[in-house]
Amino acid sequence: MVDDTGLKGKIAALSCEVSPAEVDAGADMTLMVTVSCSPPVDMRGETLEIEDDHGASVGRIELAEFDGEVNAAHELAVKAPVIPGVHTWRVVWPAGASANDAREQTAAEFSFSVKAHSMHVVVWDVPPTIESGKEFAVKLGVKCSSGCRPDGWAFDVRDHDGNDLATASPGGDTWPGTAALYYTEVTLTTPDAAGLFQWEAAARAADTAMPHAGGAAAFGVRVVPRPECLLTVVAIDEESQAPVKGVSVVVHPYRASTDERGVARLSVPKGEYRLFVSGRGYLPFRGDGDATADVTITAGLVLDVGLSDADIWS
């Protein structure tokens, strides 16, 4: 029941809070209206109007709580505008509807920011090294901050000089285990020159009802010369002369692991190299050489037994 004396009084404070204060275009946001009157009065059941930038009604909100000083409404869920920028809306306390209700219309403005949906781009499954002039595949993924489907979206891949390398569209399926990461795979070709290059995958959304700010992710492409020599490494236990399986063999940036016979093979370009062989329980092995043709190297691995008490206290 509304007290008539309160309705004839003055509105002391009328306000509306928006959550979140910065929201994606077209996303859900909530409004919370509070009203106080002088003198304080219970106004539960009264309804206020919410108007947008152009004075159009967005919805109505009813006062539902009174703490003895301030009346508050339950949260009202509304959709944010689709145009990015700062928007100023109004909450309107209507004028009295009868001769016994002397209220004058009261309104309070409140503002919030609308932003374009952000697009988060990721690149994965990039090979650690790729030979010059060779094709390779990578996966590209994109996720919208509001979980939009990627209809009309596209990926553009550019090289270190800004040249366009590939364009692809994300598929309609999400990457397993994710909520809204849409992905595709593209095939690219390395340059003829060796080196580490910084490339970029960018996502754009065209012909979509909601505005999206494009996103991009950089990824490194390490190009190595085409191999000319086969380096065969045989890893053995120095003491037992038994083959050692599963140890790491590295001639940077080339990598391999030994098989059950203790053998690993690396295709490397001609020239000087530095070989590292390492595995759990063994001290690392290092060997330097100059590859001019195919070569086989035996790496004798010594057990890492650590220091004994006698070593420590001697």
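Up top you'll find the structure we're talking about.
Residues numbered from 1 in each chain as written. Predicted model: local features only at pLDDT ≥ 70, side-chain atom pairs only at ≥ 80, totals over all residues. Heavy atoms only, no water.

Quick look at the pattern of salt bridges now. Enumeration over the complete set of coordinates arrives at 13 salt bridges. For E185, the salt bridge identified is with K139, shortest N-O distance 3.3 Å. Of this pair, E185 sits in strand β15 (residues 182–189) while K139 sits in strand β12 (residues 135–144), and the two are 46 residues apart along the sequence. On the accessibility criterion, E185 (48% relative accessible area) is partly exposed. Accessibility expressed as a relative area gives 16% for K139, which makes it buried. R274 is paired through a salt bridge with D288; the nearest N and O atoms lie 2.8 Å apart. Placement of R274 in strand β23 (residues 271–278) and of D288 in strand β24 (residues 285–291) is noted, with a sequence separation of 14 residues between them. For R274, a relative accessible area of 40% corresponds to the partly exposed category. We classify D288 as partly exposed; its relative accessible area is 49%. (Salt bridge = Lys/Arg side-chain N within 4 Å of Asp/Glu carboxyl O. Helix = DSSP H or I, 4+ residues; strand = E, 2+ residues; numbered from the N terminus. Buried < 20%, exposed > 50% of the residue type's maximum accessible area, 1.4 Å probe, protein only.)

On to unusual backbone geometry. The bulk of non-glycine residues show a negative phi, and the bulk of peptide bonds are trans. The linkage connecting S19 with the following residue, P20, adopts the cis geometry, with an omega of -5 degrees. In this model, H252 is joined to P253 through a cis peptide bond whose omega is 5 degrees. You will see that D125, though not glycine, has its phi angle at about 65 degrees, which is positive. Inspection of the secondary structure assignment puts D125 in the loop between β10 (117–124) and β11 (130–131). The phi torsion at Q241 lies on the positive side, around 65 degrees, for a residue other than glycine. Looking at where Q241 falls in the secondary structure, it is placed in the loop between β19 (229–237) and β20 (248–251).

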